[in-house]
Every structure is written in structure tokens, then in C-alpha cells.
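If you want the building blocks of each chain, they are given just below.
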Amino acid sequence: MNILIAGCGYVGTALGVRLAADGHSVWGLRRRPAGLPDTVQPLAADLADAETLRSLPPGLGVVYYTAGAADSSEAAYRTAYLDGPRHLLEALQQQGQRPRRVVFTSSTGVYAQYRGEWVDEDAPAEPLHAGGRHLMAGERLFLESEFAATVLRLAGIYGPGRTRLIENLRQGNATYQDSPPVYLNLIHRDDCVGALRHLAALARPASLYIGVDYRPVERGTLLRWLSGVLDTPPPRLVAASTNRRSNKRCRNARLVASGYPFQYPTFQHGYGAIIDALTKEKKPYV
Ligand SMILES: NC(=O)c1ccc[n+]([C@@H]2O[C@H](COP(=O)([O-])OP(=O)(O)OC[C@H]3O[C@@H](n4cnc5c(N)ncnc54)[C@H](OP(=O)(O)O)[C@@H]3O)[C@@H](O)[C@H]2O)c1
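An account of the accompanying structure is given in this report. Just so it is clear, the structure is predicted and the values come from calculations on it, not from any experiment.

Below, the discussion takes up the pattern of salt bridges. Within the structure shown, the criterion is met by nine salt bridges. Measuring nitrogen to oxygen at the nearest pair gives 3.6 Å for the salt bridge that ties Asp122 to Arg254. Linking Asp122 in the loop between strand S6 (118-119) and helix H3 (130-143) with Arg254 in helix H7 (residues 253-257), this pair joins segments that are 132 residues apart in sequence. Using a relative accessible area of 28% as the deciding quantity, one classes Arg254 as partly exposed. A salt bridge links Arg189 to Asp190; the nearest nitrogen and oxygen atoms lie 2.9 Å apart. What you see here is one network of salt bridges that share partners, running through Arg18, Asp22 and Arg197.

Close to the ligand lie 25 residues, the nearest being Val11, Arg31, Arg32, Ala67 and Tyr81. In the complex, 83% of the free accessible area of the ligand, which totals 880 Å², lies under the protein chains. When residues of the shell around the ligand are traced back to their parent elements, those giving at least two are helix H1 (10-21), strand S2 (25-30), strand S5 (101-107) and strand S8 (156-158). When the residues that make up the shell around the ligand are grouped by side-chain class, the tally is twelve nonpolar, eight polar and five charged.

Read across the sheet, seven strands follow the order S3-S2-S1-S4-S5-S7-S12 without closing on themselves; strand pairing throughout is parallel. Strands at the two margins of the open sheet, each flanked by one partner only, are strand S3 (40-44) and strand S12 (208-211). In this sheet, adjacent strand axes meet at a mean angle of 20° when their direction is disregarded. Bridge count between strand S4 (residues 60-65) and S5: four bridges; the pairing is parallel. What sits directly across from Tyr64, in S5, is Val103. Along the sheet, H1 makes contact with strand S1 (2-6), S2, S3 and S4, crossing S1 at roughly 170°. Here helix H2 (residues 74-94) sits on the sheet and contacts S1, S4 and S5; the angle it forms with S4, its principal contact strand, is near 170°.

Parameters and conventions
Residues numbered from 1 in each chain as written. Predicted model: local features only at pLDDT ≥ 70, side-chain atom pairs only at ≥ 80, totals over all residues. Heavy atoms only, no water. Salt bridge = Lys/Arg side-chain N within 4 Å of Asp/Glu carboxyl O. Helix = DSSP H or I, 4+ residues; strand = E, 2+ residues; numbered from the N terminus. Buried < 20%, exposed > 50% of the residue type's maximum accessible area, 1.4 Å probe, protein only. Near = heavy atom within 4 Å. Areas by Shrake-Rupley, 256 points an atom, 1.4 Å probe, with all protein chains shown as cover. Nonpolar A, V, L, I, M, F, W, Y, C, P; charged D, E, K, R; others polar. Pairing = 2+ DSSP bridges. Axes fitted to C-alpha atoms, helices over the stretch in contact; angles between N-to-C directions. Contact = heavy atoms within 4.5 Å.

In C-alpha cells form, the structure reads like this:
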């Protein structure tokens, strides 16, 4: 099958490698595609510029949209999650493409719940910030398009090369607050890949899933666990932020019920694998 990954970055590249190994022809679209692995065909284009999307690979069977915002500005979110999806969907339509599924990666950042409550796909998503509203607008563009669409709202992604918490601990810069405790909702990169691959293969997936592991964890608990395993300086307790920020625990029950088997069900599994690799290779795991 011909597969396009639009916004082929951290998750998209790993997904492309996996899908190519499955035997598919995979194109990775990004502005600077040099350096994509050999099995992912580079496609230089700018999702913000519709002109550059005029000749997509023909006969696409599945299209993933995994582009991320360049920074945290409203303009960057608008480009990545509103303009980009609109341009790509229009290009698919204009080129008479009939993918059997289009998949959009959104974020659990759309949930503004802030009291540590559990949220699932039926919980209200009422983002406080413009960036979250652009994400939701992008979701709607996909879901209301002429194509069969699925949205996966991903939690915080970690994995090889995305180990900021470990670096913070090693540098003695890791902090947490405990009143109230702040929850981290996490998913390993390889489970992002696995879930995206799994959802596109389902005959009738739901329109919306949350992509998160089984165990939202208090930031302090995770940092103390990592610090103990890595023998770093302990994280520092700091005063609670007075800004209202989202603070919730996301459930993966719908994704699990769809048949997806997590490779790294909890942070202990995922970070444990990263730390094992660090220890074995005696070098940063990238
Ligand atoms: N990282 C997280 O913790 C997190 C959490 C929740 C949800 N998500 C979502 O999950 C998805 C995957 O995340 P990720 O961490 O893999 O993202 P990423 O590494 O930042 O990759 C995004 C890719 O999109 C490309 N891109 C950005 N703007 C583009 C444009 N205008 N035209 C073409 N390509 C463009 C970038 O490549 P070029 O710069 O070469 O164009 C980059 O390779 C994203 O949708 C993200 O919003 C991420």
C-alpha cells in the first residue's frame, strides 16, 4: 500500500520505518526531509504552502498527519494544526485520492480539566489556550472531511532521544510540586507508532482515541523513581504554581478495548528500557 506521513518527525519517522518493514511504500513529507531513513521516501513540501502539495504520491491508501508546531506560539499552532490539515485535505481531494483512512495526531492538551480528574474520550475537551483550540479545529477538519478519519490524542511522548527528565535530573534541575500533585500522562514513542499502525489497520475504528499508557503518574513520583534508578541528585520540591494549568489523568481504555497491546504499559517499562540501553551501551541512548 502507498502511505503518506505528513510531518514526518520523531514519531512519523519511526512509524515510516515500521510500515516500510511491513512491506508498504512510505513517503515522509516535511520541509527538510534530508536525513530520513532509506526506507522512507523523502518528500520536500511545506504544509503551510498549498502550492507545494500539488503532486502527492499517487494512489495513497493511508495518510497520517503527524506534523507538530514549531514552537508554542499561537501562530505556530495555527500553521501546524489548522492551515496544514486544510491544505493537505484539499490537496488529497483535488488530486482525486481515495485513501481508505486518514489519521490525525492531536494532543491530550485539549483537555483543560485541572483537578487531577480522570478523563476519557467522552470527557469535555474545552482548551483554555488558542493552541488547543487550533488542535481541535484540525481534528474537526479531518473528522468532517470526505475521508474515513481517526484522531489519536497523544499524551506526552518520550523515548529514545526524548529523555529531557533524565537530563534535568542529571543536571540537578528537576523540580516538582506536591500541593496539588501534578500528573504526567505519558506514552512511549514505540507505542505511538504501534497505536497509529493498529488503528489504520482496523476495519471500523472509532473516530477518536486517547493515546496514553496505563499509568498517569505524579511528576514527583516519576522523578524520584528515575533518580533512584539512575543515582542522580534528587528532584527538588518547589512551591505550587499559581497559574491554572491542566492537570488530569487520561485513560487508555478505548484504545486497549480496540485490541492494541501496549509494548510499554507504564513509565517503569518505558524508562526501564531506555535506562537498560543506556547502561548496556554506556552512552546516551539516541
Ligand atoms: N511531543 C509530544 O510530547 C506530543 C504530545 C502530544 C501530541 N503530540 C503530537 O504528536 C505528533 C507527533 O509529534 P512529534 O513529537 O513526532 O513531532 P515532531 O518531532 O515535532 O515532528 C513534526 C514534524 O513535522 C514537520 N513539520 C512541521 N511543520 C511542517 C510544515 N509546515 N510542513 C511540513 N512539515 C512540517 C517537521 O519537519 P520539518 O521541520 O523538516 O518540516 C517535523 O519533522 C504531532 O502532531 C504532535 O503535535 C506530540
